[in-house]
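# Coordinate analysis (summary)
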Amino acid sequence: MAELRVPQLRVLILGLAPAVAVVALLAAGGLIGIGPALTIVAAIVAGGWWIATRPPAAQGTDETEHIAAAPGLPEHLLDQLPDPVILLNDAREIVAINRQARDVLGIGATGRDLALSLRHPAVLAAVETVSSGVPSITEEITLPVPVPRSFTLHVGGLPGTAGTDAPGMVLVLHDETRAKRAEQSRADFVANVSHKLRSPLSAVIGFIETLLGHARDDAEARERFLGVMHSEAQRMSRLVNDLLSLARVETNEHVPPRGIVYLEDVFNGVADSLQVRAAEKDISIVVSCDPDLPPVIGEADQIVQVFQNLVDNAIKYGRADTEIRIEANAVGRMPGSDAAGVAASVTDQGEGIAAEHLPRLTERFYRVDEGRSRRLGGTGLGLAIVKHIVNRHRGQIRVDSEEGVGTTVTVFLPARPETDENGEDESEITRFSTGGDVTKA
Ligand SMILES: Nc1ncnc2c1ncn2[C@@H]1O[C@H](COP(=O)(O)OP(=O)(O)O)[C@@H](O)[C@H]1O
Ligand SMILES: [Mg+2]
């Protein structure tokens, strides 16, 4: 453990006080939250600690090597901070990076110029501004891939480091994605509920008023109106359930799933639960899986929901007395990526979907034939839920359809990476689930 002598301690306190004061002022003014403020203060102190305790720089060594081998670097300390933190030297090379930053940003190596590891113009501009003498900068940024995430970026200069290879700047990112998504999803939920529930509610109120008024003693009208009220109330209940599902899925879309899912089990479960509804139309459900199918990385409940929604559509829009096939095969490469995956498809023999509708099918409330979907108990949200779940799983959806013949919806999901013979290597799973969420330069 590095030793801190009294004069160094004084330098550390005097040097860091202004930076800490700036952060305190930002927090007091409500510009940044208490959580990020504490992280920033901790990172500044960690950087300062290292400057104060590091041994004098050795002369004439290769700089990159020297940085990578710098003793006393507080990475273990930085790893304990909940937010991504990067320390840069005066030449804007990375001298330390904590685990969170590696996971979120996909940056591995220290000793490289930040611009080579993270090509984000706003981050680089903030670093530029601070190195030109501005004490610190706090701003909101969005990192685009694979799912957009919002961060509060704080860049602060560390005092007394000019011309040395000691940390001259600290970058802290605080993830605001969940808060942002929750806010957006609340706004969408309120807008959709008030818009979509209004008409069934006024229909129900109208029937109740009629039953309380002139149809009071009309037994036949009572029977009929109660039937309509019942189905309208069920429709409202389905709408609220689907909207809640959608809101939940959207809020967690940036969090990579961590479980392992065996699709054959999912398919058999979904087929069992929908068998009775299919039998009402004399439709049979056939499950067929590649015997060597690898498991996929996913959250089981959500994967079940995907195939429940797809098979539900296949039953609703399939012709009576036909067959629905649920199939899965391993694929060497997922569309648009090099990763191995699984292609899982649901095929019906129904009226199909005209090509012009295909691009819009997964929009919320988009229906090819609104009246028919309503009669069949649809909300227009099933495929929107499917899309968000598949996005969260870093998967892809493809719809192939021929009018008058039928529709195949294929979902591509990343397979669990190959493991050792036991096939149960937990560390592989963890590595993948965090690595799948990175923004690579
Ligand atoms: N298998 C299918 N065959 C024909 N049309 C389909 C199929 N699946 C979905 N659709 C069309 O896509 C629309 C959106 O589907 P979805 O989001 O599940 O909503 P819902 O089923 O509640 O209407 C449906 O209204 C229907 O027009
Ligand atoms: Mg549906």
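You'll find the structure just up there.
Structure report, in brief. Within any chain, residue numbers begin from 1 and follow the written order of that chain's sequence. Chains and ligands are labelled sequentially in the order written, the chains with letters from A and the ligands with numbers from 1. Reporting in this predicted model follows two pLDDT cut-offs: at least 70 for local features of residues, and 80 or more for side-chain atom pairs to be given and counted; totals over whole chains, interfaces and linings ignore these cut-offs and use all residues.

## What to know about the site of ligand 1
Selection criterion: Nearness is defined per residue: the C-beta atom, placed using the backbone, must lie within 6 Å of the molecule or strand. A helix here means a DSSP run of H or I that spans at least four residues, while a strand means a run of E at least two residues long, and both kinds are numbered starting from the N terminus. Under this grouping Gly is polar, as are all residues other than the nonpolar Ala, Val, Leu, Ile, Met, Phe, Trp, Tyr, Cys and Pro and the charged Asp, Glu, Lys and Arg.
Near ligand 1 you find 21 residues, and of these Tyr317, Arg367, Val368, Gly378 and Gly382 are the closest. Contributing elements (two or more residues each) for the shell around ligand 1: α11 (300-317) and α13 (382-392). Ranked by the residues each element gives to the shell around ligand 1, the list is headed by α11, at 4 residues. Across the shell around ligand 1, the residue classes break down as 9 nonpolar, 9 polar and 3 charged.

## Regarding helix α9 (residues 219-251)
Definition in use: Here the expected span of a helix is defined as 1.5 Å times the quantity of residues minus one. Put simply, a residue is buried when 20 or more other C-beta atoms lie within 10 Å of its own C-beta and exposed when 12 or fewer do; between those, it is partly exposed, and each C-beta is set from the backbone. C-beta atoms are placed from the backbone for every residue, and two residues are taken to be in contact when these atoms lie within 7 Å.
Compared with an ideal rise of 1.5 Å per residue, which puts 33 residues at 48 Å, α9 spans 48 Å between its outermost C-alpha atoms and is within 8% of the ideal. Among the residues making up α9, those that are buried are Asp242, Leu243, Leu246, Val249, Glu250 and Thr251. Tucked into the core, α9 has its buried residues touching α8 (177-212) and α13.

## Re the environment of Gly206
When you line up the elements, Gly206 lands in helix α8. Sequence separation between Gly206 and Met229 is 23 residues; the distance between their C-alpha atoms is 9.7 Å.

## Considerations on helix α10 (residues 263-280)
Note the threshold: The quantity called bend is, for any residue, the angle between two axes fitted respectively to the seven residues ending at it and the seven beginning at it.
Its 18 residues give α10 an end-to-end C-alpha distance of 26 Å, which sits within 8% of 26 Å, the value for a rise of 1.5 Å per residue. The sharpest bend along α10 comes to roughly 50°, located at Leu274. Burial in α10 covers these residues: Leu263, Val266, Phe267, Val270 and Ala278. Residues of α10 that are buried sit in contact with β6 (260-261), β7 (284-289), β8 (296-297), α11, β9 (323-331) and β10 (341-348). The first or second residue beyond α10 is Asp282, which carries a positive phi of 55°.

## Some details on the sheet that holds β7
Applicable threshold: Two strands pair if DSSP finds at least two bridges between them. What counts as an axis is a line fitted to C-alpha atoms, over the stretch in contact for a helix, and the angles between N-to-C directions run from 0 to 180 degrees.
Read from one edge of the open sheet, 5 strands run β7-β9-β10-β12-β11, paired in mixed fashion. If you trace the sheet from one side to the other, it starts and ends with β7 and β11 (396-402), each paired once. Neighbouring strand axes in the sheet, compared pairwise and without regard to direction, differ in orientation by 15° on average. With 8 bridges joining them, β10 and strand β12 (residues 406-414) adopt antiparallel strand pairing. Its bridge partner being in β12, Val346 is matched across the sheet by Val409. Strands β7, β9 and β10 of the sheet are contacted by α10, whose axis makes an angle of about 175° with β7. Sheet strands in contact with α11 are β7, β9, β10 and β12, and its direction is about 25° off that of β10.

## As for the sheet that holds strand β1 (residues 85-89)
The strands making up a sheet are joined through hydrogen bonds of the backbone, oriented either antiparallel or parallel. Overall, antiparallel pairing links the 5 strands, which are arranged β2-β1-β5-β4-β3 in an open sheet. Lying at the two open borders of the sheet, with one neighbouring strand each, are β2 (94-97) and β3 (136-143). Ignoring strand direction, the axes of neighbouring strands in this sheet form an average angle of 20°. Sheet topology note: the β1/β2 ladder contains 3 bridges and is antiparallel. Residue pairing for β2: Leu88 is matched across the bridge by Ile94. Against the sheet, helix α7 (residues 121-131) makes contact with β1, β3, β4 (149-157) and β5 (167-175), and its axis sits at roughly 170° relative to β3, the strand it touches most.

## Thoughts on the pairing of β12
With respect to burial, β12 is a largely interior element, 8 of its 9 residues being buried. Relative to β12, β11 is paired through 7 bridges, and the arrangement is antiparallel. Among the inter-strand pairings, Gln396 is bridged to a residue of β12, identified as Phe412. Here β11 hands over to β12 after 3 residues, with Gly404 in that stretch at a positive phi of 85°.

## As for the environment of Leu173
Locating Leu173 in the fold gives a position in strand β5. Once the C-alpha coordinates of Leu173 and Val104 are considered, the two residues, 69 residues apart in sequence, prove to be 9.7 Å apart. If sequence neighbours within four positions are ignored, Leu173 has contacts with Asp83, Pro84, Val104, Phe151 and Leu153.

## Overview of unusual backbone geometry
If a residue is not glycine, its phi is most likely negative; likewise, a peptide bond is most likely trans. Positive phi values are uncommon outside glycine, yet Arg92 reaches one of about 65°. Locating Arg92 in the fold gives a position in the loop between β1 and β2. Assessed through the 17 C-beta atoms surrounding it within 10 Å, Arg92 is described here as partly exposed. The backbone of Phe365 shows a phi angle near 70°, a positive value even though the residue is not glycine. Of note, Phe365 is situated in the loop between β10 and α12 (370-375).

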